Structures are given as structure tokens and as C-alpha cells.
Amino acid sequence: MVGGLTMFPIRLDDLRFTPQGRPVLAGVDLTLGGEGISVVLGPNGAGKSVLLRTLAGLEKPDGGSIAWNGSAVPGPAVAMVFQTPMLLRASVADNAALGLKPLKLSRAEVQGRVARVLERVGLAHRARDSARHLSGGERQRLALARAWAVGPRLLLLDEPTAALDPTATEAVEALIREIRTDGARIVMTTHNLGQAMRISDDIVFIEGGRVREHSPSARFFSRPQSPEAKLFMKGELPWRIAFED
Amino acid sequence: MLPTLLDAFHLLGNLDAQVLAIVWLSLKVSLSAVALGALIGLPLGAWVAVARFPGRNGVAVFLNAMMGMPSVVLGVLVYLLLSRSGPLGSLGLLFSPAAMIFAQTLLVAPLIAALARQIVEDAWRDYAHEFAAFRLSRRQSVATLLFDCRFSLVVAVLAGLGRAISEVGAVMIVGGNIEGFTRVMTTAIALETAKGDLPLSIALGVVLVGLVLGLNALAHGLRQWAMVKYG
Ligand SMILES: Nc1ncnc2c1ncn2[C@@H]1O[C@H](COP(=O)(O)OP(=O)(O)OP(=O)(O)O)[C@@H](O)[C@H]1O
Ligand SMILES: [Mg+2]
């Protein structure tokens, strides 16, 4: 399922998103290499989701640029899973096939891919069931399967475990690692610091629409460099309120 | 009054051939019109819901306004189109079941399209980001949304059928209410009542109301079932 390495590194240069003049992204500078799991941390409203949506091509930046290995076009191998994935009023299998529609694959190829990803997320036995009847954890796994099926080189995950219990969270984390091993570069957000420690290779810390720090995970959690990240780790930013409710 | 009612139920009970023929033609005309109207209205409504083009709001308002189009007015328009000197006069369709189907199709297609637009647009709000992230084309989005909304859309189609089968103005004008050829339930009721043949009017009225009630019960039941099955 792995495409070329050609869209990395992704270089964001002074990226700005200012709907109605509000600086939501206020000059994001960031370079993402071709490997690993990056976790975007930051308080509520920092611009994490907007950043992911911009990378997915869903928001048009008002300034700055994104270069995909020097090119302005990302290529098709980007997939995104939203915090609350919308599932179709259809079977689990039909939902898993949604992202394959534009790929113009043969019927057999679609069925093969769907069967494979459902197997890997542990939903093969639910393939014929209505997706809207799945539990929160199952929904999230289906959403991952749906994105996985397209064979993404870059997978964007917005709070993939926000409403899940610890067991379901663990299952989703295991899947994210597996998708990474399968060749996808992963950029995700979370408000779960433990999760960020467990899963990330590097941390992108965002606050006020800017990247305040981008460090390897181990260093970020032991010795955060930026004053904003230090405060955040001490729990003195508004983020803590969100973490607790 | 009582003998009239008894006569009416006698007609119904014996499945009077005349009544049956009228009911059958009504169903044939209106079901055909609704099938055509759905074929046009569903994709059109979904397209307007999803597409972004200048004048889109105008189209939406137009479709909504067409829901209130008096059927007699539409009948007159179609009459002018199909009359011998009209632009489609050479087809020789006037005063035939085909003309009635044509008129009713024009009546229900905008109704189905307007309802479909509303239904699909609501769903589209939920899915827009997902579909965009997967780069579904507009055509794929429309097809996926139509399937996703299939149960609500059945209700829209049944609303179209309700309107078609109960309208009298359009079929009267373009069909001419010719006995044994273009006479349907509503035109028969209008005529027989005027002539004083109340039993036939009442018998047809009972059938018509029964059909409309049955359709609504069906729509309701279908939605309930779908809600349970698909959430
Ligand atoms: N299209 C938009 N128009 C106007 N404002 C927007 C738009 N999209 C996002 N915003 C604003 O941008 C800010 C950042 O939003 P974003 O969703 O990226 O925050 P976040 O970091 O993901 O927060 P959370 O942790 O709560 O998910 C918010 O204040 C939000 O209201
Ligand atoms: Mg967010």
C-alpha cells in the first residue's frame, strides 16, 4: 500500500489562515520528514485541527506556502480521519470502501482491500452490519480502516481517541503504529499527554496559531525548550481545563 | 343520504369494472409520472444541494416555489405546449394518457427535487469534509448522498405520488376527462358529482383517500424500519 517517498519533506513556510481577519494560523513554520508519528500538542483553539485540515487541502491558506518535496501539489496519497468521523447509513464494508471510489479500482480489488483492512482493525465479522450501530471504539477503528484502505503516505488523525475508554484507546494506538509500519507518515493531535508520550516520535507544540516548539518526543517531555511548552507541561495553560473535563 | 352510501359501497364491494378501470388508469398515469419525476428530481435536487454555481440560491428558491404551483396553471401551460398550434403540437399527444403523464411529471419533478435538495443538503453538511478529504468527485458525492438519504428520499417520492394522484386541474385540462380513455379518479369525481351520480363519486373518493392514507402509512412505516435498521 506504500506509494513513493516523493511528497516528503513537507515544508510549511509562514503558513497563515485568517478567516474574517482572525489569525488562526499566524505564520506556521514546520518541516515534516518522511517517517514516524508526529503528535501536535497545544491548548484548545491553538489551531491544531485547522493545521491538519490545511494539510489535507480542506482549508485554503491566506498566506505562506506548503511545499511537498518542493512541489505545490501533495499528490493523492493523503488521508484524514476526523475527530467525529461521519459514517454512512450503510454497512461497515460499504463505509470502508468510501475512500476507494475515486481510485477507479476493479470490484475485486475494492472487495479485497476492504476485507483486508476490516480484518486488520478487527471488524471483519461486522462487515455486513450497519455502521451506525457500532460503538465509539468500533467507529473509530472503522474510520481508521477507511483511511487505511486508500493506502495513504500521509495520514492525518484529529484526536482519534478523544471519546474512547482506555482499552479502546490502546487498540487504536496499536492500529496507528501498525499503519505507520505499513508505510504511512502519521501526523495526529491529542489532548492525552500519556498517549503523546507513548506513541510519538516527535512533538509539534502549537500555541496561538504558531509552532512554538518541534522536538523529538523524549526531549520534549524531559526538557521542553520553549517557554510556552514549559508552561503547558506545568499545566498552567488553559489546555489543562480541557484535559480535565 | 343512506341509500347513496349503500350504493357507493355496493360499487366498491363488487369491484365495479368502471371503477376499477378508472382507478387503474389513475395509478398508471400517476405512477409513471412519479417514476419520471423521481428520475429527474432526485439527481437534480442532490446536484443543487452539492454544487456551487452562481444562481444556485435562485434555483433552490424556484424549486421551492414550484412546490406550490397550482396544477390548473400547469395544465394550461402544458395544454398550450401540446395543442395543435403549440411547439409540441405535432406529437398529437393532447387528450391522451401520455399528455397526462407529461403534465404530472412536470408537476412532481420540482416537488421531488425541492424536497431532495433539502434532505441531501442537510446530509451534505455532515459529510462535506469526509468526501473532500477522500477527493470524491461531485458525481460520486451526489451518488453517495442519494444512497445515504434513500429512506428520507422515499418519503419525498411518496409526497410526489400523493400530489400527482390527487390533483385534478392538470389531468382535466390536458386529458379532457374522456370516458374509458383519460378519465381518472379525480376528474371522474368532479364530473359525477356535478352530474349527481353521488355513489360513484363517493366510491372513488373512498378509494382515493384510502390510497393516499395507505401511501402515508407506508412512508411512515418505512422510515421507522430504516431508523431501527440503519440508525
Ligand atoms: N473556518 C473558520 N472560520 C473561522 N474561525 C475558525 C475556522 N476554523 C477554525 N476557526 C477558529 O480557529 C481556532 C482554532 O481552531 P482549531 O479547531 O484548529 O483548534 P484546536 O487547536 O483544534 O482546538 P481543540 O483542541 O479544541 O480541538 C478556533 O478559535 C476556531 O474557532
Ligand atoms: Mg481540534
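Residues numbered from 1 in each chain as written. Chains lettered and ligands numbered in written order. Predicted model: local features only at pLDDT ≥ 70, side-chain atom pairs only at ≥ 80, totals over all residues. Heavy atoms only, no water.

Caption draft 1: Structural context of the sheet that holds strand β2 (residues 25–32) of chain A. Residue and element names in this part refer to chain A. Across the sheet, three strands lie side by side as β2-β1-β4; this open sheet has antiparallel pairing. Of all strands in the sheet, those with a lone pairing partner are β2 and β4 (63–68), marking the two edges. The average undirected angle you get between the axes of adjacent strands in this sheet is 15°. (Pairing = 2+ DSSP bridges. Helix = DSSP H or I, 4+ residues; strand = E, 2+ residues; numbered from the N terminus. Axes fitted to C-alpha atoms, helices over the stretch in contact; angles between N-to-C directions.)

Caption draft 2: Molecular detail of the interface of chain B and chain A. Taken together, the 19 residues of chain B in the interface contact 26 residues of chain A. Buried area between chain B and chain A, summed over both chains or domains, comes out near 2,000 Å², and the portion from carbon and sulfur atoms is 59%. For the pair chain B and chain A, the interface holds two salt bridges. Here B:D148 ties to A:R89 by a salt bridge, and the two come within 3.3 Å at their closest N and O atoms. Among the secondary structure elements, those contributing two or more residues to the side of chain B that touches chain A are α5 (97–133), α6 (138–148) and α10 (198–230) of chain B. Taken together, the residues that form the side of chain B that touches chain A break down as nine nonpolar, four polar and six charged. (Contact = heavy atoms within 4.5 Å. Buried area = accessible area lost by both parts, 1.4 Å probe. Salt bridge = Lys/Arg side-chain N within 4 Å of Asp/Glu carboxyl O. Nonpolar A, V, L, I, M, F, W, Y, C, P; charged D, E, K, R; others polar.)

Caption draft 3: Fine view of the sheet that holds strand β6 (residues 154–158) of chain A. Residues and elements named next belong to chain A. One open sheet holds the six strands; their spatial order is β5-β6-β7-β3-β8-β9, and the pairing between them is mixed. Each of the sheet's edge strands pairs with one partner strand only, and the pair in question is β5 (78–81) and β9 (210–216). Mean inter-strand twist for the sheet, computed between neighbouring axes without regard to direction, equals 15°. Of the strands in this sheet, β3 (37–41), β6 and β7 (185–189) touch helix α5 (residues 166–181), which is tilted by about 150° from β7.

Caption draft 4: Molecular detail of the site of ligand 1. Residues and elements named next belong to chain A. Looking at ligand 1, there are 14 residues lining it, with N44, G45, K48, S49 and H191 nearest. Measuring from an oxygen atom of ligand 1, one finds a backbone N or O atom of V50 at 2.9 Å. A distance of 3.3 Å separates an oxygen atom of ligand 1 from a polar side-chain atom of E159. Coverage of ligand 1 by the protein chains reaches 69% of its 640 Å² of free accessible surface. For the shell around ligand 1, the class distribution of residues is five nonpolar, five polar and four charged. (Near = heavy atom within 4 Å. Polar contact = N/O pair within 3.5 Å; in protein donor to acceptor, adjacent residues only side chain to side chain. Areas by Shrake-Rupley, 256 points an atom, 1.4 Å probe, with all protein chains shown as cover.)

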